[in-house]
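Letter by letter, the chains look like this.
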Amino acid sequence: MRKIIINILFISAIPLSAQQMNTLSYDGSRLLNHTFYQNGDSNSKGISYDDIQGSPYYEKAFSPAKFIAGNREESAVARYNTYFDEVEFKKDEETYSLVPDSPFTRIEFTRTKEILVKIDTGDDLKGYFFELAGGKNALLKKVKTEFKNAVSAKNSYEIDRPASFNAKDPIYYIKTESGFIKNPKKIKEIAEAFPSKKDEIEKFVKSNNIKINKEADLIKLVKFLNQ
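A brief look at the structure comes next. (Residues numbered from 1 in each chain as written. Predicted model: local features only at pLDDT ≥ 70, side-chain atom pairs only at ≥ 80, totals over all residues. Heavy atoms only, no water.)

Once that is clear, we can look at the overall build of the protein. Helices and strands together make up the secondary structure of the protein, namely 4 helices and 14 strands. Out of the 227 residues belonging to the protein, those deemed buried represent 44%. Put simply, 59% of the contacts in the protein that link residues at least 6 apart link residues at least 24 apart. Surface accessibility of the protein: about 12900 Å² in total, with carbon and sulfur atoms responsible for 48%. (Helix = DSSP H or I, 4+ residues; strand = E, 2+ residues; numbered from the N terminus. Buried < 20%, exposed > 50% of the residue type's maximum accessible area, 1.4 Å probe, protein only. Contact = heavy atoms within 4.5 Å. Areas by Shrake-Rupley, 256 points an atom, 1.4 Å probe, with all protein chains shown as cover.)

The following block contains the structure:
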């Protein structure tokens, strides 16, 4: 059964000009403004968003975006739900989400210049990724949020812990022509995927002091791989 989630007050803050920019003909799946159900299971006990700390959204406010499917391009204000891995958008004063078989696989947020792409990585994280560097080799970032149930204090020395949304550490993928390199920990993992450029990669990493645990350095490295 379709999950029902609440839409918070940021919806009403969208300026009229942003609402008028909507050219999206696609309807998607409507979201009703009532209760949050963990994992979308409406048979479970629901909880009000007012009782949950944190947010499932990458950015709570809707932002102008381009929805792209091949040569087709349409517009709407949108936001990304990192808990459900869904893109939500506004249409005719209602909130909808793109369903799994939506034709739109690329969402470009025009104000922030951030790009979401839908990718099948062949694992449990397949879905939407932020594209940090594009090209034949692309750097992708998965942003996820986890939900934690409320916990009652066991004794007078503890306090009740409310339900909460908590951002997890991002996971990076390098998409190559032959597959994916998931969350590389060593330069060696990347160099071995490009045997013909192995020496060049090692030289570039050394001369530019590339740290694989820094997002900005990963972007530099992937852009180098596309040269």
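So, about unusual backbone geometry. Not every positive phi belongs to a glycine, and Asp-85 is a case in point at roughly 55 degrees. Judged by relative accessible area, Asp-85 falls into the buried class, the value being 15%. Although it is not a glycine, Asn-209 adopts a positive phi angle of roughly 50 degrees. Along the chain, the position of Asn-209 falls in the loop between helix H3 (198-207) and helix H4 (215-225).

As a further point, take the sheet that holds strand S4 (residues 72-81). Adjacent strands of a sheet pair through backbone hydrogen bonds, lying either parallel or antiparallel. Reading across from one edge, S1-S6-S5-S4-S3-S7-S8-S9-S10-S13-S14 is the order of the 11 strands in this open sheet, with antiparallel pairing throughout. Pairing within the sheet leaves two strands with one partner each, and these edge strands are strand S1 (29-30) and strand S14 (179-182). Pairing analysis gives 3 bridges linking strand S9 (residues 127-133) to strand S10 (residues 138-142), with the strands arranged antiparallel. Residue Phe-130 lies in a different strand from S10, and its bridge partner there is Lys-141. Across the sheet, H4 is in contact with S9, S10 and strand S13 (171-176); its angle to S10 comes to roughly 150 degrees. (Pairing = 2+ DSSP bridges. Axes fitted to C-alpha atoms, helices over the stretch in contact; angles between N-to-C directions.)

In this section: the nonpolar core. Judged by nonpolar contacts, the single largest core of 20 residues is most densely connected at Leu-139, Ile-190, Ile-201 and Leu-221. For this core, the secondary-structure elements that each account for two or more residues are S13, helix H2 (187-191), H3 and H4. For this core, the leading source of residues is H4, giving 6 residues. If sequence neighbours within four positions are ignored, Leu-221 has contacts with Ile-187, Ile-190, Ile-201, Phe-204 and Val-205. Among the nonpolar cores identified, the runner-up in size contains 19 residues, and Leu-24, Tyr-96, Leu-98 and Val-143 belong to it. (Core = buried A, V, L, I, M, F, W, Y, C linked by side-chain atoms within 4.5 Å.)

Time to look at the packing of aromatic side chains. Counted under the stated rule, the structure contains 12 aromatic pairs. Between Tyr-80 and Phe-130, the aromatic rings sit 5.9 Å apart at their centres with planes inclined by 80 degrees, giving edge-to-face as the arrangement. In this pair, Tyr-80 sits in strand S4 while Phe-130 sits in strand S9, placing the two residues 50 residues apart along the sequence. By relative accessible area, which is 2% here, Tyr-80 ends up buried. Seen from their ring centres, Tyr-83 and Phe-84 are 4.8 Å apart, and the 80 degrees between their planes marks the pair as edge-to-face. (Phe/Tyr/Trp six-rings, centres within 6.5 Å; stacked < 30°, edge-to-face > 60°.)

Attention now goes to the environment of Lys-126. Here Lys-126 is to be found in the loop between strand S8 (115-119) and S9. Remark: the alpha-carbon pair of Lys-126 and Asp-85, spanning 41 residues in sequence, is separated by 9.4 Å. Not counting residues up to four positions away in its chain, the partners in contact with Lys-126 are Asp-85, Ile-119, Asp-120, Thr-121 and Lys-142.

This part covers the pairing of strand S12 (residues 163-167). Pairing of strand S2 (residues 52-53) with S12, which is carried by 2 bridges, proceeds in the parallel orientation. Along S12, the bridge assignment pairs Ile-52 with Ala-163. Examined bridge by bridge, strand S11 (residues 145-148) and S12 share 4 bridges and lie antiparallel to one another. Its bridge partner lying in S12, Thr-145 is registered against Ala-167.

Moving on to the pattern of salt bridges. Within the structure shown, the criterion is met by 11 salt bridges. The partner of Glu-108 in a salt bridge is Lys-66, with the nearest N and O atoms 3.4 Å apart. Pair noted here: Glu-108 is in strand S7 (residues 106-109) and Lys-66 is in strand S3 (residues 63-69), with a separation of 42 residues, a long-range link. Judged by relative accessible area, Glu-108 falls into the buried class, the value being 18%. Glu-192 serves as the salt-bridge partner of Lys-188, at 3.9 Å between the closest nitrogen and oxygen. Shared partners join several salt bridges into a network, and the residues in it are Lys-66, Arg-106, Glu-108 and Glu-131. (Salt bridge = Lys/Arg side-chain N within 4 Å of Asp/Glu carboxyl O.)

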